[in-house]
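Here's the letter readout for the chains.
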Amino acid sequence: MSNNAELYEQSKLYAPGGVHTSIRNVNPMKVFTKGEGAYIYDADGKKYIDYQGAFGPIILGHSHPYVNRKVIEAIERTDLYGVGCTDLEVELARKICTHVPSSEQVLFCNSGSEATYHAIRLTRAITGRNKLIKFQGCYHGWHDYVARNMLSSWDMIGKRDPGSAGMLDEAIDNTLVCTFNDLDDIERTFRENKGQIASLIVEPIPHNIGCVMPQPGFLEGLRELCTAHGALLIFDEVITGFRHDIGGYQKVAGVTPDLTTMGKAMANGYPIAAVAGKREYMQRFNTYPGGDVWFAGTYNGHAVGTAASIATLEMMENEPVHEHIFRLGEKMRSGIRGIHERLGIEAYVAGFGSVWTTYFMKSEPKNYSDLQQNDAELYVDYRKKLIEKGIFKMPMNIKRNHISYSHTDQDVDTTLTIIESVLQELVHP
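Identification of the protein chain as glutamate-1-semialdehyde 2,1-aminomutase from Paenibacillus oryzisoli is taken from an unreviewed UniProt entry. Quoted straight from UniProt, the Pathway (unreviewed entry) entry for the protein chain says "Porphyrin-containing compound metabolism; protoporphyrin-IX biosynthesis; 5-aminolevulinate from L-glutamyl-tRNA(Glu): step 2/2." The heading Catalytic activity (unreviewed entry) in the UniProt record of the protein chain holds the text "(S)-4-amino-5-oxopentanoate = 5-aminolevulinate".

Structure (structure tokens):
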């Protein structure tokens, strides 16, 4: 079998850059050939404890046998028809509407970007308004509506920062950028654009930049401001949904948005996403007779994704998935804090549930601007050293880590031992 370097060179012949999503092009480059439980293996045969988790979808573990078996059972009898609906769609929709507080009705698509696109378009149709509020540092997909002011360079924070060439000026300029955890900024933006804002979209925890927690009252304040100004509130729970609770982070926070987008952990790595919300809003989609907001997609509700999502949610319903990953998440965070204390390292261990990251800075960040204090060079060097020693975290600045149901106490103990040795080497060589 070819090794990492050989396969990557071959890949670059046939795909620009050799990868099929921009953020996958990292150093060190790995070609992965196997995933099993908490572990991934590269083409050189090296094994890693995986905390990348495909940016979050892998909540039960790689190639989870129960999920895989349910997918195989499904595709042995059914697949895709392009007409009517399937029993799998009915069952999955019922589960989501049962568990997610904002979900009176739901529609399936294939990616988080599709889900946020549909949700935003729907809010414009409902309100007759054009403008949208998002937050600096938050990510909601690749489309023109939201692809601005994501991982901005520090000198572009809050300025006009489109994420791609080829974006429409009208889309960029109708998206307003606010500061997370700053209700005064949001209220001022509503006032300055009175009667023009269709919706506000937010990652209830901005995981695109690691783990910046909403401060007490912030999400409640967003709900109140949107209601007061006639705008719809969209929770982008593509990352937080199902990972932090089977009902999403909205259930944890006790704040119910008008619309919710979901993906990633809802199917343990199989491709599926969803948009859900109040019945009166969802019936504006033209899947409902007379609806005037277009909703389409050849692969929407495919048997693979729906079967995988049903199986994943069944695991959450019937086994202590969240109890396990929350316990190991706290064990990891407290263990890392102890290491920092022993080594005299100035760092902040952020996290919630099964997610964490270590910012090399003095205090808790409240928004994207605060992350300028993070020592980005140390952050990335630390992760690269961990990869060398068999611990895989994304080797990029301000990225989160994930624990799955397949991780064990021994995995965490091993990881903590390696973390201590790496930090000792980097900080006290």
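Structure's up, so let's keep going.
Peer 1: Before we move on, could you go through the packing of helix H11 (residues 321-343) against helix H13 (residues 409-427) and cite the residues and values that matter?
Peer 2: The contact between H11 and H13 brings their axes to 10 Å, and the two run at 25 degrees. With respect to each other, H11 and H13 are oriented roughly parallel. Considering how the two elements wind past one another, H11 and H13 form a crossing that is right-handed. The residues of H13 that touch H11, namely those facing Arg327, Leu328, Lys331, Met332, Gly335, Ile336, Ile339, His340, Arg342 and Leu343, are Asp409, Val412, Asp413, Thr415, Leu416, Ile419, Glu420, Leu423 and Gln424. Class assignment of the residues belonging to the contact of H11 with H13 gives a composition of nine nonpolar, four polar and six charged.

Peer 1: So what's going on with helix H7 (residues 218-228)? Which residues, and what values?
Peer 2: Among the residues making up H7, those that are buried are Phe218, Leu219, Gly221, Leu222, Arg223, Leu225 and Cys226. Where H7 is buried, its residues touch strand E5 (131-135), helix H6 (183-192), strand E7 (197-202), strand E8 (232-237) and helix H8 (249-253). Phi turns positive one or two residues past the end of H7, at glycine 230, with a value near 70 degrees.

Peer 1: Help me get a handle on unusual backbone geometry, residues and values and all.
Peer 2: In this structure, the amide linkage connecting asparagine 27 to the following residue, proline 28, adopts the cis form with an omega of 10 degrees. With respect to the helices and strands, the residue proline 28 is situated in the loop between helix H1 (4-14) and strand E1 (32-36). The backbone phi angle of asparagine 149 is positive, close to 50 degrees, even though this residue is not glycine. With respect to the helices, strands and loops of the structure, asparagine 149 is situated in the loop between E5 and helix H5 (169-173). Asparagine 149 sits in the buried class, given a relative accessible area of 0%. Not every positive phi belongs to a glycine, and isoleucine 398 is a case in point at roughly 45 degrees.

Peer 1: Talk me through the packing of helix H12 (residues 376-388) against H13; I want residue IDs and the actual numbers.
Peer 2: At a minimum axis distance of 10 Å, the contact between H12 and H13 shows a crossing angle of 130 degrees. Here H13 runs oblique to H12, going by the angle between their axes. You can see that H12 and H13 cross each other, and the crossing is right-handed. Facing H12, whose interface residues are Leu378, Asp381, Tyr382, Lys385 and Leu386, H13 presents Ile418, Ile419, Val422, Leu423, Glu425 and Leu426.

Peer 1: Explain the pattern of salt bridges to me, and be specific about the residues and the numbers.
Peer 2: Scanning the entire structure with this criterion turns up 21 salt bridges. For glutamate 9, the salt bridge is made with lysine 12, and the minimal N-O distance between the two is 3.0 Å. In this pair, glutamate 9 and lysine 12 are both assigned in helix H1, three residues apart and thus about one turn of the helix distant. Take glutamate 9: its relative accessible area is 45%, and that puts it in the partly exposed class.

Peer 1: I'd love a proper account of the side chain of threonine 358, names of residues and values included.
Peer 2: For threonine 358, the location among the structural elements is in strand E12 (residues 355-359). We classify threonine 358 as buried; its relative accessible area is 3%. Sequence-distant contacts of threonine 358, that is, excluding residues within four places in its chain, are made with Ile336, His340, Ala347, Tyr348, Val349 and Tyr379.

Peer 1: Tell me about the layout of surface pockets, and please be specific about residues and values.
Peer 2: Its boundaries defined by the atoms lining it, the second largest pocket holds a volume of some 550 Å³. Around the second largest pocket sit 22 residues that line it, and Gly84, Cys85, Glu89, Asn300 and Gly301 are the ones nearest its centre. Mapped onto the lining of the second largest pocket, the elements with two or more residues apiece are helix H3 (87-99) and strand E4 (105-109). Residues of the lining of the second largest pocket, tallied by class, amount to 11 nonpolar, nine polar and two charged.

Cut-offs used in this document
- Residues numbered from 1 in each chain as written.
- Predicted model: local features only at pLDDT ≥ 70, side-chain atom pairs only at ≥ 80, totals over all residues.
- Heavy atoms only, no water.
- UniProt positions renumbered as here; feature names shortened; annotations may be inferred.
- Axes fitted to C-alpha atoms, helices over the stretch in contact; angles between N-to-C directions.
- Helix = DSSP H or I, 4+ residues; strand = E, 2+ residues; numbered from the N terminus.
- Parallel < 35°, antiparallel > 145°, perpendicular 65-115°, else oblique.
- Left-handed = near helix turned anticlockwise from the far one by under 90°.
- Contact = heavy atoms within 4.5 Å.
- Nonpolar A, V, L, I, M, F, W, Y, C, P; charged D, E, K, R; others polar.
- Buried < 20%, exposed > 50% of the residue type's maximum accessible area, 1.4 Å probe, protein only.
- Salt bridge = Lys/Arg side-chain N within 4 Å of Asp/Glu carboxyl O.
- 1 Å grid on protein atoms, 1.4 Å probe; cavity = no way out; pocket = protein on both sides within 12 Å on 5 of 7 lines; lining within 4 Å.
- Points joined across faces, edges and corners; volume = space filled by probe spheres on them.

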